[in-house]
Amino acid sequence: MKREDGFAQAGFVLTAPLLAWSDWPEVAAALAQLADTGAGTRNLLELDWCARLATYLRAHQALAPLLPFEAVAVQCTLFEKSAAQNWLVPLHQDLSIPVQERRDHPELGGWSTKEGALFVQAPPALLAQMVAVRLQIDPGGEHDGALRVVPGSHLHGRLSAQAVSAARERGGEIICPVPPGAAMVMRPLLLHASAKASGSSRRRVLHYLFGPRELPCQLQWRHAR
């Protein structure tokens, strides 16, 4: 089975290491500064180093076949779990996208503002085209709060709470450990969750979101890099 076919069916794939952080000293320095200030978790794509890294990922031979045609990076979020910042995430789908302006349309809802950015819950047809690339900075093993996913759950569109439970019982969960420099590539509609880290480790992830350049419902991306 081709890698792309496996991704289409399961909704996720784990890559081999895509980069060595030692080759990106500006990124390492920027991440250290973010950790010190606690700044900028959702809007990192506004920063030059983050946009350059998005360009590198989009062109990488391991990722390009998995991304939408003429994909653009539309968001990057830093997730960090440590002894000081530790949480669990219940099973869910990622439904919201960052946009410039509010539009009235029957397919749009769940409007919210986070860190000064406007988000909307996108139509399932759009979410089905999108791809998240979770680039691992630190070890992301089972005890570091690695993601758990329900394979194939993205194929059923947006799920109700009852449907989420049924999908988990039907498909089971898989833990997805990822080493530093590698990535987990996933569909936003894939059901996923994570436990708390052990408390003795640090787990940082740069979560890039890629989508088609053009949006429906007269929407425009907040950023498209």
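Residues numbered from 1 in each chain as written. Predicted model: local features only at pLDDT ≥ 70, side-chain atom pairs only at ≥ 80, totals over all residues. Heavy atoms only, no water.

J.: What am I meant to see in unusual backbone geometry here?
T.: Excluding glycine, a negative phi dihedral is what most residues carry, and trans is how most peptide bonds are arranged. Its identity is not glycine, yet E115 carries a phi of approximately 50°, on the positive side. If you trace the backbone, E115 turns up in the loop between strand 5 (109-114) and strand 6 (117-121). Taking the relative accessible area as the measure of exposure, E115 reaches 42% and is therefore partly exposed. Phi is positive for Q218, which is not a glycine, with a value near 65°. (Helix = DSSP H or I, 4+ residues; strand = E, 2+ residues; numbered from the N terminus. Buried < 20%, exposed > 50% of the residue type's maximum accessible area, 1.4 Å probe, protein only.)

J.: I tried to follow the sheet that holds strand 6 on my own but got confused; where do I start?
T.: Strand pairing in a sheet is mediated by backbone hydrogen bonds. Such pairs are either parallel or antiparallel. The strand order across the open sheet formed by three strands is 4-6-5, and the pairing between neighbours is antiparallel. Each edge of the open sheet is held by one strand with a lone partner, namely strand 4 (96-99) and strand 5. Across the sheet, the axes of successive neighbouring strands diverge by a mean angle of 30°, strand direction being ignored. Pairing of strand 5 with strand 6, which is carried by four bridges, proceeds in the antiparallel orientation. If you follow K114 over to strand 6, its bridge partner there is A117. (Pairing = 2+ DSSP bridges. Axes fitted to C-alpha atoms, helices over the stretch in contact; angles between N-to-C directions.)

J.: In this structure, what is going on with the sheet that holds strand 7 (residues 131-136)? I would like to understand it.
T.: Taken in spatial order, the five strands make up an open sheet running 1-10-7-12-2, and their pairing is antiparallel. This sheet does not close on itself; its edge strands, each paired only once, are strand 1 (12-14) and strand 2 (72-81). Along the sheet, successive strands turn relative to each other by an average axial angle of 15°, direction set aside. Direction of pairing for strand 2 relative to strand 12 (residues 203-211): antiparallel, over a ladder of nine bridges. In the sheet register, A73 faces strand 12, and the bridge partner there is F210. Along the sheet, helix 1 (residues 3-10) makes contact with strand 1, strand 7 and strand 10 (183-186), crossing strand 1 at roughly 130°. Across the sheet, helix 3 (residues 48-59) touches strand 2, strand 7 and strand 12, and the angle it forms with strand 12 is around 70°. (Contact = heavy atoms within 4.5 Å.)

J.: Please explain empty space enclosed by the protein as it appears in this structure.
T.: Sizing a probe to match a water molecule and rolling it over the atoms shows the empty space that remains. Applying the stated rule across the entire model yields two cavities of 30 Å³ or more. There is about 70 Å³ of room inside the largest cavity. The wall of the largest cavity is formed by R134, Q136, G140, G145, A146, L147, C176, V178, M184, R203 and V205. Those elements giving two or more residues to the lining of the largest cavity turn out to be strand 7 and strand 12. Of the residues assigned to the lining of the largest cavity, the class counts are six nonpolar, three polar and two charged. Size it by volume and the second largest cavity reaches roughly 50 Å³. Around the second largest cavity sit R42, N43, L45, V74, Q75, P98, F119, R222 and H223, which together line it. A class-by-class count of the residues in the lining of the second largest cavity yields four nonpolar, three polar and two charged. (1 Å grid on protein atoms, 1.4 Å probe; cavity = no way out; pocket = protein on both sides within 12 Å on 5 of 7 lines; lining within 4 Å. Points joined across faces, edges and corners; volume = space filled by probe spheres on them. Nonpolar A, V, L, I, M, F, W, Y, C, P; charged D, E, K, R; others polar.)

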